[in-house]
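One letter stands for each residue in the lines below.
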Amino acid sequence: MGELSILIPTYNHNCTVLVRHLQQQAELLGIPYEILVADDGSTENASVEENKLIDGLPNCRYIIRTENVGRAAIRNFLCRESQYQWVLYIDSDMTVESEAFLSRYVEQQQAYPSVAVVDGGVSIGGNQAQLKHNLRYLYEKSAEPDHVVARRQQRPYHDIHTANLMVRRDVMCQHPFDERFRHYGYEDVLFGIRMKQQRIGIRHIDNPLGFNTFESNADFVSKTEEGLRTLYEFRSELRGYSRMLTLVDGIHLKAVKGFIRLWHAVAGGMERRMLVSRHPILGLFKLYKLGYYLSIDKH
């Protein structure tokens, strides 16, 4: 029989529907389980009040933390609070799309006892007609082939995503997320690197959660910029696991890098205004990211 601690970090998001769905599935499975939701210092009181309903559900607990400690630290905190042999990390904005979601994970525990990490993947949803001007949606749809389980399994340590990730608790306690990652991006990438270094088995399966909530263009561009700053800060540890770093390292002529930096200095503002408008262009987004990163990296 399996057992599971479902761990959901949240920030300014109502995740009561997600928790109810997971709780109902866990009850039907008849396994020992708990669902822990940790609020990482939300600034919107409405979402905090709504999430308090979680405490009224069987085997569910809502933990309010007043200080925002960051993506890595809040996940480590949840792991320490958990009690069962396996922990399942789920992002609070994900959607359960299969009634067999939890049962597939429990089957993995029993069928592959030597595997310590199982990644279920994500599927990109949403109304295409309504979201055709949303940059995050366009970006995620273009990357959708990378989410296919066969593609992920080809490079198992490169494609780890905490949005839907089950880990044996003892492994998670021994190799927690690096709490230097306080800002957006790449804590899961470094976790994958650590798993490979320790030769810990990872398995990718077709058990996706739905990704159906897309922020505004302005918020997504700002989040991308934050992620690029994180990438630069940890570039020496992430090399070989980032397409941006591989691209930048492949530009051997300083003159070419200098030209891209100059172009970004002159045209970056205009590019950004276009990206946050109602008519973003995905190719321009890629150019903007390269210019933004090189404007940080002066080497």
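Anyway, here's the lowdown on the structure attached to this text. This one's a predicted model, so the numbers in the text were calculated from it and none came from an experiment.

The next subject is the nonpolar core. Membership of the largest hydrophobic core comes to 52 residues, with the highest contact counts inside it found for V117, V167, M172, F191, M195, L238 and Y293. Among the elements that take part in this core, helix α14 (residues 282-296) stands out by supplying 7 residues, more than any other. Apart from the residues within four sequence positions on either side, M172 is in contact with N76, C79, V87, Y89, V167, F177 and F191.

Mapped onto the elements of the fold, A143 is located in the loop between α6 (135-142) and α7 (149-154). According to the relative accessible area criterion, A143 is buried, its value standing at 17%.

The buried fraction of helix α3 (residues 71-81) is high, at 8 of 11 residues. Among all positions in α3, only A72, A73, I74, R75, N76, F77, L78 and C79 are buried. In this structure, the buried residues of α3 make contact with β1 (4-10), β2 (33-40), β3 (60-65), β4 (86-90), α8 (169-174) and α9 (187-197).

A few words now on the sheet that holds strand β6 (residues 117-119). Read from one edge of the open sheet, 7 strands run β3-β2-β1-β4-β8-β6-β9, paired in mixed fashion. Looking along the sheet, the strands with just one partner apiece sit at the ends: β3 and β9 (202-204). Pairs of neighbouring strands in the sheet enclose a mean axial angle of 20°, with direction left out of account. With 3 bridges connecting them, β1 and β4 associate as parallel partners. Residue pairing for β4: S5 is matched across the bridge by V87. In the packing of α3 onto the sheet, contacts are made with β1, β2, β3 and β4, and the angle to β2 comes to roughly 145°. Seen against the sheet, helix α4 (residues 101-111) touches β1, β4, β6, β8 (164-168) and β9 and runs at an angle of roughly 30° to β8.

Calculation rules
- Numbers given to residues run from 1 along each chain, matching the order in which its sequence is written.
- For a predicted model such as this one, the threshold for reporting local features is a pLDDT of at least 70, and the threshold for listing and counting side-chain atom pairs is 80 or more; totals across whole chains, interfaces and linings nevertheless cover every residue.
- Each side-chain value is worked out from all heavy atoms of the structure, with water and hydrogens disregarded.
- Throughout, nonpolar core names a set of buried Ala, Val, Leu, Ile, Met, Phe, Trp, Tyr and Cys residues whose side chains join them through atoms within 4.5 Å.
- The classification of residues rests on relative accessible area computed with a 1.4 Å probe and restricted to protein chains. Under 20% of the type maximum is buried, over 50% is exposed, and intermediate values are partly exposed.
- Runs of H or I in DSSP of at least four residues are treated as helices and runs of E of at least two as strands, each being numbered from the N terminus.
- Residue contacts are counted whenever heavy atoms from the two residues lie within 4.5 Å of one another.
- The rule for pairing is simple: two strands pair if DSSP sees at least two bridges between them.
- Lines fitted to C-alpha atoms define the axes, with helix axes restricted to the stretch in contact, and inter-axis angles between N-to-C directions lie between 0 and 180 degrees.

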